[in-house]
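Reading the structure
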Amino acid sequence: MADEIKKETLANFKVTIDNITIEVKPGTTILNAARTIGGDVTPPAMCYYSKLQGSGGKCRTCLVEVAAGSTADPRPMPKLVASCRTTVMDGMIVKNITSDKVKDARAGVVEFLLLNHPLDCPICDQAGECHLQDLGYEHGKEGTRYEFTRRTFEKEDIGPYIQLHMTRCILCYRCTYVADQLTDKRSHGILDRGEHAEISTYISKAIDNDFSGNMIDVCPVGALTDKTYRFKNRVWFTKPVDAHRNCENPDCCGKTTLWLRGDEVFRVTVRKDPWGEVQSYDGKPGWICNTCRFDKKKTIDWVIEGVTKISRHSVISQGRYEGLVIPKDTIVEVMGGRSPRLLMDIHDESEVNKPGVHLSELNGPAHSDTFNNGQ
Amino acid sequence: MAKKLLLDKADVSGIRTYEVYRREGGYRSVEKALKMSTADIVEEVKKSGLRGRGGAGFPTGMKWSFLAKPEGIARYLVCNADESEPGTFKDRYLMEFIPHLLIEGMIVASFALGSNNSYIYIRGEYAWITDILETAIAEARQNGFLGKNILGSGFDCEMYVQRGAGAYICGEETALIESLEGKRGNPRIKPPFPAIKGLWDCPTVVNNVETLAAVVPIINEGGEEYAKIGVGKSTGTKLISACGNINKPGIFEIDMTISVEEFIFSDEYCGGIPNGKRLKACIPGGSSVPILPANLLLTTAKGEKRLMNYESLSDGGFATGSMMGSGGFIVLDEDQCVVRNTMTLARFYHHESCGQCSPCREGTGWMERILKKIENGKGEMKDIDLLWDIQRKIEGNTICPLGDAAAWPVAAAIRHFRDEFEWHVLNPEKCLTENFGLRHYADPIHVPVTA
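Residues numbered from 1 in each chain as written. Chains lettered and ligands numbered in written order. Predicted model: local features only at pLDDT ≥ 70, side-chain atom pairs only at ≥ 80, totals over all residues.

**Section: the overall build of chain B**
Note the cut-off: In this text, helices come from DSSP runs of H or I with a minimum length of four residues, and strands from runs of E with a minimum of two, each type numbered from the N-terminal end. With C-beta atoms placed from the backbone, a residue is buried if 20 or more other C-beta atoms are within 10 Å of its own, exposed if 12 or fewer are, and partly exposed between those counts. Each residue gets a C-beta atom placed from its backbone, and two residues are in contact if those atoms lie within 7 Å.
Scanning chain B from terminus to terminus reveals 19 helices and 11 strands. Here the C-alpha coordinates of chain B stretch approximately 75 × 45 × 45 Å along the principal axes. Out of the 451 residues in chain B, the part that is buried amounts to 55%. Long-range pairs, those at least 24 residues apart, make up 72% of the contacts in chain B between residues at least 6 apart in sequence.

**So, the overall build of chain A**
Helix and strand counts for chain A stand at 10 helices and 16 strands. Split into buried and exposed, the 375 residues of chain A put 40% on the buried side. Within chain A, residue pairs in contact and separated by at least 24 positions form 64% of the contacts whose partners lie at least 6 positions apart.

**Structural notes on the sheet that holds strand β7 (residues 162–164) of chain A**
Residue and element names in this part refer to chain A. Rules: Any two strands are treated as partners once DSSP identifies two or more bridges connecting them.
Spatially, the three strands line up as an open sheet ordered β6-β7-β10, and their pairing is antiparallel. Two strands lie at the open edges of the sheet, namely β6 (156–157) and β10 (224–226), each paired on one side alone. Of the strand pairs in this sheet, β7 and β10 are connected by three bridges, and their pairing is antiparallel. Along β10, the bridge assignment pairs Gln163 with Thr225.

**Observations concerning the sheet that holds strand β2 (residues 20–24) of chain A**
Residues and elements named next belong to chain A. Note the cut-off: Axis geometry follows a simple rule: fit a line to the C-alpha atoms, using only the stretch in contact for helices, then measure angles between N-to-C directions, giving values from 0 to 180 degrees.
A sheet is described by the order of its strands in space; here five strands give the open sequence β2-β1-β5-β3-β4, paired in mixed fashion. Strands at the two margins of the open sheet, each flanked by one partner only, are β2 and β4 (81–82). Packing of helix α2 (residues 30–37) onto the sheet brings it into contact with β1 (13–17), β2, β3 (63–68) and β5 (92–95), and relative to β2 it is tilted by some 115 degrees. Sheet strands touched by helix α3 (residues 100–115): β3 and β5. Its angle to β3, the strand with the most contacts, is close to 165 degrees.

**Some thoughts on helix α7 (residues 127–142) of chain B**
All names here are of chain B. Here is the rule: A helix is expected to reach a length of 1.5 Å times the quantity of its residues less one. Arc definition: directions from the helix axis to the C-beta atoms.
A rise of 1.5 Å per residue sets the reference length of α7, with its 16 residues, at 22 Å; its end C-alpha atoms lie 23 Å apart and thus fit the reference within 8%. Among the residues of α7, those classed as buried are Ile129, Leu133, Ala136, Ile137, Glu139 and Ala140. The buried residues of α7 occupy an angular sector of 160 degrees when projected down its axis, which confines them to one face. In α7, the exposed positions angled more than 90 degrees off the buried face are occupied by Ala127, Trp128, Asp131, Ala138 and Gln142.

**Some details on the interface of chain B and chain A**
Each partner contributes residues to the interface: chain B has 23 residues there, and chain A has 26 residues. At the level of elements, α15 (338–352), α16 (358–375) and α17 (381–394) of chain B are the ones that each hand at least two residues to the side of chain B that touches chain A.

**Details of the pairing of β2 of chain A**
Along any regular strand the residues' side chains alternate between the sheet's two faces. All names here are of chain A. Across five bridges, β1 lies against β2 in antiparallel orientation. Looking at β2, one finds that Phe13 is bridged to Val24. As consecutive antiparallel partners, β1 and β2 are separated by two residues, and within that stretch Asp18 has a phi angle of approximately 50 degrees, a positive value.

**Remarks on the domain arrangement of chain B**
Residues and elements named next belong to chain B. Where we set the bar: Domain segmentation is taken from an automatic or database assignment of domains. By the convention adopted, Pro, Cys, Tyr, Trp, Phe, Met, Ile, Leu, Val and Ala count as nonpolar, Lys, Arg, Asp and Glu as charged, and the other residues, Gly among them, as polar.
As assigned here, chain B comprises domain 1 (18–222), domain 2 (232–333) and domain 3 (338–433). Taking only C-alpha atoms, the centre of domain 2 and the centre of domain 3 are 23 Å apart. Listed per partner, the contact involves 11 residues of domain 2 and 12 residues of domain 3. Its residues placed into classes, the side of domain 2 that touches domain 3 shows nine nonpolar, two polar and no charged.

**Points about the nonpolar core**
All names here are of chain B. The criterion, for reference: A set of buried residues drawn from Ala, Val, Leu, Ile, Met, Phe, Trp, Tyr and Cys, joined through C-beta atoms within 7 Å, is what defines a nonpolar core.
If you look at the biggest cluster of nonpolar residues, it comprises 217 residues, and the most contacted ones within it are Val78, Cys79, Leu102, Val108 and Val331. Broken down by element, this core gets its largest block of residues, 11 residues, from helix α18 (residues 402–426). With sequence-adjacent residues up to four places away left out, Val78 is seen in contact with Tyr119, Tyr121, Leu176, Ile177, Leu180, Leu199, Thr204 and Val206.

**Points about the pairing of strand β3 (residues 158–163) of chain B**
All names here are of chain B. To keep things clear, this is the line we draw: Every crossover in which the path from the first strand over the helix to the second runs clockwise, viewed with the strands pointing away from the viewer, is termed right-handed.
Inspection of the sheet shows strand β2 (residues 115–122) paired to β3 by six bridges, in the parallel sense. Considered in β3, the bridge of Tyr121 is made with Gln162. On the question of chirality, the crossover connecting β2 to the parallel β3 by way of α7 is right-handed.

**Details of the environment of Lys232 of chain A**
Residue and element names in this part refer to chain A. Tracing the chain through its elements places Lys232 in the loop between β10 and β11 (239–244). By the C-beta count within 10 Å, which is 14 here, Lys232 ends up partly exposed. Taking the C-alpha atoms as reference points, Lys232 and Arg338, separated by 106 residues in sequence, lie 46 Å from one another.

**Re unusual backbone geometry**
Among all residues except glycine, the phi angle is most often negative; among peptide bonds, the trans geometry is most common. The omega torsion of the bond from Lys190 of chain B to Pro191 of chain B falls at -5 degrees, within 30 degrees of zero and hence cis. Across the junction of Pro191 of chain B and Pro192 of chain B, the peptide omega takes the value 0 degrees, indicating a cis bond. By the element assignment, Pro192 of chain B lies in the loop between α8 (173–180) and β4 (204–208). At Asp18 of chain A, a residue that is not glycine, the phi angle is positive and equals roughly 50 degrees. Position of Asp18 of chain A among the secondary structure elements: in the loop between β1 and β2. What makes Asp18 of chain A buried here is the crowd of 24 C-beta atoms within 10 Å.

**Examining the domain arrangement of chain A**
Accessible area lost upon the coming together of the parts serves often as the stated size of an interface. All names here are of chain A. We note that the domain assignment places domain 1 (10–110), domain 2 (116–144 + 151–226) and domain 3 (233–361) within chain A. Contacts between the two partners involve 15 residues from domain 2, matched on the other side by 17 residues from domain 3. The element contributing the most residues to the side of domain 2 that touches domain 3 is helix α4 (residues 131–139), with four residues. Looking at the side of domain 2 that touches domain 3, its residues break down into four nonpolar, six polar and five charged.

**Concerning the packing of α3 of chain A against α16 of chain B**
Note the threshold: Relative orientations are named as follows: roughly parallel for angles under 35 degrees, roughly antiparallel for angles over 145 degrees, roughly perpendicular for angles from 65 to 115 degrees, and oblique for any other angle. With the far helix as reference, a near helix turned anticlockwise by less than a right angle produces a left-handed crossing, and one turned clockwise produces a right-handed crossing.
In contact at an axis separation of 9 Å, α3 of chain A and α16 of chain B are set at 65 degrees when each is read in the N-to-C sense. Viewed along their axes, α3 of chain A and α16 of chain B adopt a mutual orientation that is roughly perpendicular. Where α3 of chain A crosses over α16 of chain B, the handedness of that crossing is left-handed. Contacts from Gly108, Val109, Phe112, Leu113 and Leu115 of chain A of α3 of chain A reach α16 of chain B at Ser358, Pro359, Glu362, Gly363 and Trp366 of chain B. Of the residues belonging to the contact of α3 of chain A with α16 of chain B, the class tally is six nonpolar, three polar and one charged.

**So, the environment of Gly236 of chain B**
All names here are of chain B. Within the element layout of this structure, Gly236 appears in the loop between β6 (234–235) and β7 (237–244). Gly236 sits 233 residues away from Lys3 along the chain, and the two C-alpha atoms are 9.5 Å apart. With near-sequence residues (within four places) excluded, Gly236 lies in contact with Leu5, Ser48, Leu50, Ala214, Tyr226, Ile229 and Gly230.

**Topic: the environment of Asp329 of chain A**
Relative to the assigned elements, Asp329 of chain A resides in the loop between β16 (303–307) and α8 (331–334). For the pair formed by Asp329 of chain A and Ile37 of chain A, sequence separation is 292 residues and the distance between their alpha carbons is 9.6 Å.

**Here's the deal with the packing of α15 of chain B against α18 of chain B**
All names here are of chain B. At a minimum axis distance of 9 Å, the contact between α15 and α18 shows a crossing angle of 160 degrees. In terms of their interaxial angle, α15 and α18 are classed as roughly antiparallel. In terms of crossing hand, the pair formed by α15 and α18 is left-handed. Where α15 approaches α18, its residues Val338, Val339, Thr342, Leu345, Ala346 and Tyr349 are matched on the opposing element by Leu402, Ala405, Ala406, Pro409, Val410, Ala413, Phe417, Glu420, Phe421 and His424.

**Notes on the confidence of the model for chain B**
Here is the rule we go by: For every residue, the pLDDT score states the predictor's confidence, bounded by 0 at the bottom and 100 at the top.
For chain B, the average pLDDT comes to 93, and 100% of its residues sit at 70 or higher. Predicted complex metrics record ipTM = 0.91 and pTM = 0.90.

**Some points on α15 of chain B**
The α-helix advances 3.6 residues per turn, and as a result positions three or four apart in sequence lie on the same side. All names here are of chain B. With 15 residues, α15 extends 21 Å between its outermost C-alpha atoms, agreeing within 8% with the 21 Å of an ideal straight helix rising 1.5 Å per residue. With respect to burial, α15 is a largely interior element, 11 of its 15 residues being buried. Those residues of α15 lying buried are Val338, Val339, Asn341, Thr342, Met343, Leu345, Ala346, Phe348, Tyr349, His350 and Glu352.

Next up, the structure:
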């Protein structure tokens with residue numbers, strides 16, 4: 001108790017990230033501080049998940065440069081640090097997109113992550129809401145320098161609901177933390193080491209738990225996908241709506257996003273915040289149970305609240321959803337008031353995603369004609 | 001003959017047993033230390049200037065004084081005997097032939113740090129040494145040096161030997177702690193450092209075998225006496241495990257004042273290179289430190305003689321120097337191929353990467369494949385630059401030092417032996433049957449005279 005009081009009386013820490021100064025509570029990580037600013041200043045995170053204790057530090061995409069450790073000790077940190085696991089100090093100066101070292105290292109990490117990742121986005125269910133896709137889009141290079149055979153894994157069946165596609169995995173360990181922290185017994189983990197490390201049950205057993213489905217939502221790539229939704233539709237053709245139901249499971253929050261087409265419920269997921277993480281309600285992450293996720297696939301099972309607001313810098317936010325909230329742009333602030341020069345407008349280059357076409361207003365799936373008719 | 005502190009009794013017959021070890025003056029340091037205050041012991045070790053013998057060379061006394069000492073929370077001492085660095089086998093010798101020296105050092109260190117349960121985490125492949133150590137621990141307990149109320153001082157200490165399962169990564173201190181706790185040996189993200197949160201989230205000190213053994217002469221003779229041996233910040237004696245193209249491979253205890261040239265060519269140590277071959281290159285401190293060509297190995301870039309100590313070996317930084325590392329001294333003669341050597345090392349790091357963070361997991365395999373390509377005469381010039389770029393992107397961007405350890409050998413090989421790599425690319429058929437040879441690698445370095 002004495003500890004808590006002490007914490008509250010502690011003054012907030014001033015931290016400067018990419019020329020933007022904010023105040024945060026002591027103990028906040030650099031990444032979470034950057035998230036309060038939002039926009040381009042926030043480092044990407046592939047393995048960190050604020051709702052999962054112990055996650056982070058592994059993927060190295062969130063590396064940032066600390067130009068000054070604190071007011072008391074203004075020496076810079078010798079190496080780039082993982083912003084998701086480094087807490088801020090008062091007077092810390094952090095460089096993310098304003099540091100060439102960071103950009104160089106991040107481009108390296110993206111290349112490493114994509115080295116053995118199959119670029120099978122056209123047939124991957126995660127496409128459109130894949131964090132690796134976003135990362136590659138924002139920070140990647142146009143081609144790979146890897147000229148050897150890519151790593152593949154044998155398919156493994158882990159039960160009727162979840163599809164494990166190990167070849168796509170980037171070993172963020174998030175799903176193991178879900179199993180550790182949400183379910184009563186973890187039945188899967190990492191086997192083997194190095195390049196051959198794989199997510200697996202020991203050995204080839206099914207994962208059977210009421211909350212195992214949340215693994216799908218935390219997976220940043222298409223390594224864990226929903227078997228009941230597999231190959232049924234592309235995410236950008238379905239319309240997300242917020243819905244809830246009174247779930248009998250006391251640990252299930254019952255608040256979900258339904259992905260609809262017409263009146264048909266194609267998929268049920270947790271509601272996600274702008275960082276692609278599950279939303280919290282009263283400080284409690286809104287995980288959902290497998291019954292809600294896999295079995296309630298009719299609109300009568302649900303009370304529909306309205307269209308989901310999508311506010312993410314992501315491939316999916318290109319989808320012209322109804323209720324799309326464009327995330328705040330910080331680049332002008334970072335550049336000290338100057339406007340950036342736009343090098344390329346996507347609409348000058350590409351026929352898809354015409355600004356005049358609104359997917360949510362279409363009856364039925366979009367088709368290449370939809371875009372061509374605009375001409 | 002240089003003064004020996006660790007191995008002076010190594011040749012006494014039966015030194016492995018308690019009776020002989022005790023007769024030869026063993027366990028004197030425990031008797032002395034238990035009468036001292038713990039702060040005085042730490043002060044003695046600080047005065048000695050002892051640096052960690054595992055590779056990083058961090059001052060041991062400093063490490064000990066960093067240990068957090070919260071009330072009512074246990075503290076642990078863990079001995080890192082997971083000696084898996086290619087070229088390093090000094091701890092094996094120490095534990096196999098003088099196990100009581102390690103145990104004696106550990107009792108003193110446990111007392112100084114307040115560790116009532118101390119662990120020796122030993123490499124899985126050293127199966128027979130586990131038995132030797134356990135026998136020695138049992139002997140020490142029988143004679144009252146372990147267990148409850150040691151020598152009537154009121155200090156309790158138990159010691160356990162835990163075998164690893166054969167992973168190099170478990171030599172990294174936080175991975176070692178994870179493995180010791182029974183988990184997968186993945187390095188932890190630092191901070192918090194083990195001195196604050198280590199084994200079972202309690203303050204922990206992890207020390208190398210040789211470091212803990214060196215505590216014995218420090219207590220016996222006093223820290224200041226110990227510091228008189230050696231030069232500058234390289235105090236005391238160091239065990240070097242020499243191997244490769246030399247006449248007398250094995251373990252040597254050196255005081256750190258001799259030159260590299262003397263170490264390789266004198267009969268007291270390595271005894272020169274067999275079959276009249278010439279020296280081409282050397283990895284002076286275990287596989288992960290940068291390789292040096294003969295000319296830079298024997299003299300620094302400033303033209304001074306290079307000595308076998310921490311400062312001199314790292315003189316010139318990575319541009320023209322290397323590191324003392326763990327003391328695995330690997331000598332390559334003129335018939336050795338640096339490309340092949342680098343490929344072997346890259347294969348090792350690829351095999352041993354834990355796979356937790358992406359640069360090391362993906363990068364080590366990539367480097368090995370490219371090196372294999374070059375070694376097999378299928379390389380292109382751009383591959384050399386690509387290798388450089390990959391190592392640059394691994395180094396410093398990983399959770400633990402294994403990423404750096406994988407990057408440095410490749411970086412140094414390209415830095416100093418780039419023409420050998422290029423020769424492999426330009427002579428794709430010749431490189432399969434012939435070696436590049438010595439060429440200019442032993443030529444004297446031109447040192448411009450200051451006006």
